[in-house]
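Structural overview
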Amino acid sequence: MNEQTAVTEATAVPATKKPALPDAQTVTQVKHWTDRLFSFRVTRPASLRFRSGEFVMIGLMGDVNEKTGKQKPLLRAYSIASPSWDEEMEFYSIKVQDGPLTSKLQHIKVGDEIIMRPKPVGTLVHDALVPGKRIWFFATGTGFAPFASLLREPETYEKFDEVIITHTCREAGELTYGAELIESLKHDELLNEVIGEGFWKKIKYYPTTTREESPKMGRITDLMRSGEAFKDLGVEPLNPDTDRAMICGNMAFNLELKDLFENTYNLEEGANSKPAHYVVEKAFLD
């Protein structure tokens, strides 16, 4: 998802006084997973409703313009990593040292405020898929975020008999956020009560790395083409009669998977207005 500047402005205030943020939410938790990745949680507006898998615009105020004396919000589209029922909002982010937003966002602490525009949107939602037996989540890097939401969404397990999540990163440490979240589902008393004891047994997790050595090396697309991924998982290749899929990764990954889905597995891309076999988050950039 690209960092971008909003058109609204706020008048700068003296350095001795903290500026009031528009649509402000308070940071409640921050965790740094690697030198490139971190997650954080913030308060949730009481009126905010969203579907698991959607994203919102969040950010901070930019630097003061020396000529105008004003500041503009720096906003970026972030997938909501928490499920729709959570009382707080969770986000998973990359750190870009010279990025207009993430160079600042990576330094937030508990008690700080961020801007969050309360207008969730997105394509990675169950409403955009026709019914099926098995759902695949394909992610690279921080593209795991919307699936962190959907893996904790009861509707995922009500609609599908099997949930397969693939996560491809360069280094093994970049898989930790997703691996720990999936492991935590086994011990989540609330979800086991609401969804059903042992619901997490429906999940098959397939992490791979492309640079650092790990138990499974390789790009997921290559592992699918060779058939190795399906053999490892003990499942048949994707079939439009049974399989549904969601993609959230870098642009090259998205395009490569789209080509595989449509030309090898005969899957049709869906949307909120026209549900089909698979959907892709076009707003994400890793």
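Look a little higher up for the structure.
Residues numbered from 1 in each chain as written. Predicted model: local features only at pLDDT ≥ 70, side-chain atom pairs only at ≥ 80, totals over all residues. Heavy atoms only, no water.

**Brief notes about helix α4 (residues 176–185)**
For α4, the complete set of buried residues consists of Tyr177, Gly178, Leu181, Ile182 and Leu185. All buried residues of α4 fall inside an arc of 125 degrees around its axis, so they share one side. (Buried < 20%, exposed > 50% of the residue type's maximum accessible area, 1.4 Å probe, protein only. Helix = DSSP H or I, 4+ residues; strand = E, 2+ residues; numbered from the N terminus. Arc of directions from axis to C-beta.)

**Side note on the side chain of threonine 156**
Structurally, the position occupied by threonine 156 is in helix α3 (residues 154–159). In this structure the side chain of threonine 156 is engaged in a polar contact, spanning 2.7 Å, whose partner is the backbone oxygen of leucine 150. Apart from the residues within four sequence positions on either side, threonine 156 is in contact with His126, Phe137, Leu150 and Val163. (Polar contact = N/O pair within 3.5 Å; in protein donor to acceptor, adjacent residues only side chain to side chain. Contact = heavy atoms within 4.5 Å.)

**Concerning the sheet that holds strand β12 (residues 203–209)**
Across a sheet, strands are paired by hydrogen bonds formed along the backbone, either parallel or antiparallel in direction. Read across the sheet, five strands follow the order β12-β11-β10-β13-β14 without closing on themselves; strand pairing throughout is parallel. The open sheet has two edge strands, β12 and β14 (278–280), and neither has a second partner. Geometrically, the sheet is characterised by an average inter-axis angle of 10 degrees between neighbouring strands, direction not taken into account. Examined bridge by bridge, strand β10 (residues 134–140) and strand β13 (residues 243–248) share six bridges and lie parallel to one another. For phenylalanine 138, the partnering residue across the bridge sits in β13 and is isoleucine 247. The sheet contacts of α4 involve β11 (162–169) and β12, and relative to β12 the element is tilted by about 165 degrees. Running at roughly 165 degrees to β13, helix α8 (residues 251–263) makes contact with β10, β13 and β14 of the sheet. (Pairing = 2+ DSSP bridges. Axes fitted to C-alpha atoms, helices over the stretch in contact; angles between N-to-C directions.)

**Details of the nonpolar core**
In this structure, Phe137, Phe144, Phe147, Leu151, Tyr177, Ile203 and Met246 are the most contacted members of the largest nonpolar core, which totals 32 residues. Of all the secondary-structure elements, those providing two or more residues to this core are β8 (88–94), β10, α2 (145–150), β11, α4 and β13. Residue contacts for phenylalanine 144: discarding those within four places in its chain leaves Ala139, Leu151, Ile165, His167, Tyr177, Gly178 and Ile182. Formed by 22 residues, the second largest nonpolar core is a distinct cluster that contains Trp136, Phe230, Val235 and Phe253. (Core = buried A, V, L, I, M, F, W, Y, C linked by side-chain atoms within 4.5 Å.)

**With respect to α8**
An ideal rise of 1.5 Å per residue puts 18 Å on 13 residues; α8 measures up with 18 Å between its terminal C-alpha atoms. Among the residues of α8, Phe253, Asn254, Glu256, Leu257, Lys258, Leu260 and Phe261 are the ones counted as buried. Looking at the buried positions of α8, the neighbouring elements they touch are β10, α6 (220–226), β13 and β14. (Expected span 1.5 Å × (residues − 1).)

**Re the packing of aromatic side chains**
In this structure the tally under the stated criterion is 14 aromatic pairs. Summarising the aromatic geometry, the rings of tyrosine 92 and tyrosine 177 are spaced 4.0 Å apart at their centres and angled 15 degrees between planes, so their arrangement reads as stacked. With a gap of 85 residues between them, tyrosine 92 in strand β8 and tyrosine 177 in helix α4 connect regions that are remote in the sequence. For tyrosine 92, a relative accessible area of 4% gives the class buried. With 6.1 Å between their ring centres and 80 degrees between their planes, phenylalanine 230 and tyrosine 265 make a pair best called edge-to-face. Note that phenylalanine 230 is positioned in helix α7 (residues 228–233) and tyrosine 265 in the loop between α8 and β14, a separation of 35 residues in sequence. Across this residue pair, the class does not change: phenylalanine 230 and tyrosine 265 are buried. Taken together through their ring pairs, the aromatic side chains of Trp136, Phe138, Phe230, Phe261, Tyr265 and Tyr278 make up a single cluster. (Phe/Tyr/Trp six-rings, centres within 6.5 Å; stacked < 30°, edge-to-face > 60°.)

**A closer look at the pattern of salt bridges**
The full count for this structure, using the stated rule, is 23 salt bridges. The closest approach of N and O atoms between lysine 104 and aspartate 63, which form a salt bridge, is 2.9 Å. One end of the pair, lysine 104, is in helix α1 (residues 102–105); the other, aspartate 63, is in the loop between β5 (55–61) and β6 (70–71), with 41 residues separating them in the sequence. Among the residues examined, aspartate 63 registers a relative accessible area of 60% and is labelled exposed. Arginine 225 is the salt-bridge partner of glutamate 256, the closest N and O atoms lying 2.8 Å from each other. Separated by 31 residues along the polypeptide, glutamate 256 in helix α8 and arginine 225 in helix α6 bring together distant segments of the chain. In the salt-bridge network here, residues are joined through shared partners; they are Arg41, Asp86, Glu88, Glu90 and Arg152. (Salt bridge = Lys/Arg side-chain N within 4 Å of Asp/Glu carboxyl O.)

**A closer look at a nonpolar patch on the surface**
On the surface, a nonpolar cluster with roughly 280 Å² of combined accessible area is contributed by Trp85, Leu190 and Val194. Mapping valine 194 onto the fold places it in helix α5 (residues 189–194). (Patch = residues over 30% accessible without salt bridge, like charges linked within 9 Å, V, L, I, M, F, W, Y side chains within 5 Å. Areas by Shrake-Rupley, 256 points an atom, 1.4 Å probe, with all protein chains shown as cover.)

**A word on a negative patch on the surface**
Residues Asp35, Glu171, Glu212 and Glu213 make up a contiguous surface patch of negative charge. Assignment of secondary structure puts aspartate 35 in the loop between β3 (24–32) and β4 (37–43). Take aspartate 35: its relative accessible area is 61%, and that puts it in the exposed class. (Lys, Arg positive; Asp, Glu negative; His and termini not counted. Charge placed at Lys NZ, Arg CZ, Asp CG, Glu CD.)

**Side note on the state of the cysteines**
Overall, the coordinates contain zero disulfides when judged by the stated rule. Here cysteine 169 stays unpaired: no disulfide links it, and the sulfur of cysteine 248, its closest cysteine neighbor, is 12 Å away. (Disulfide = S-S within 2.5 Å.)

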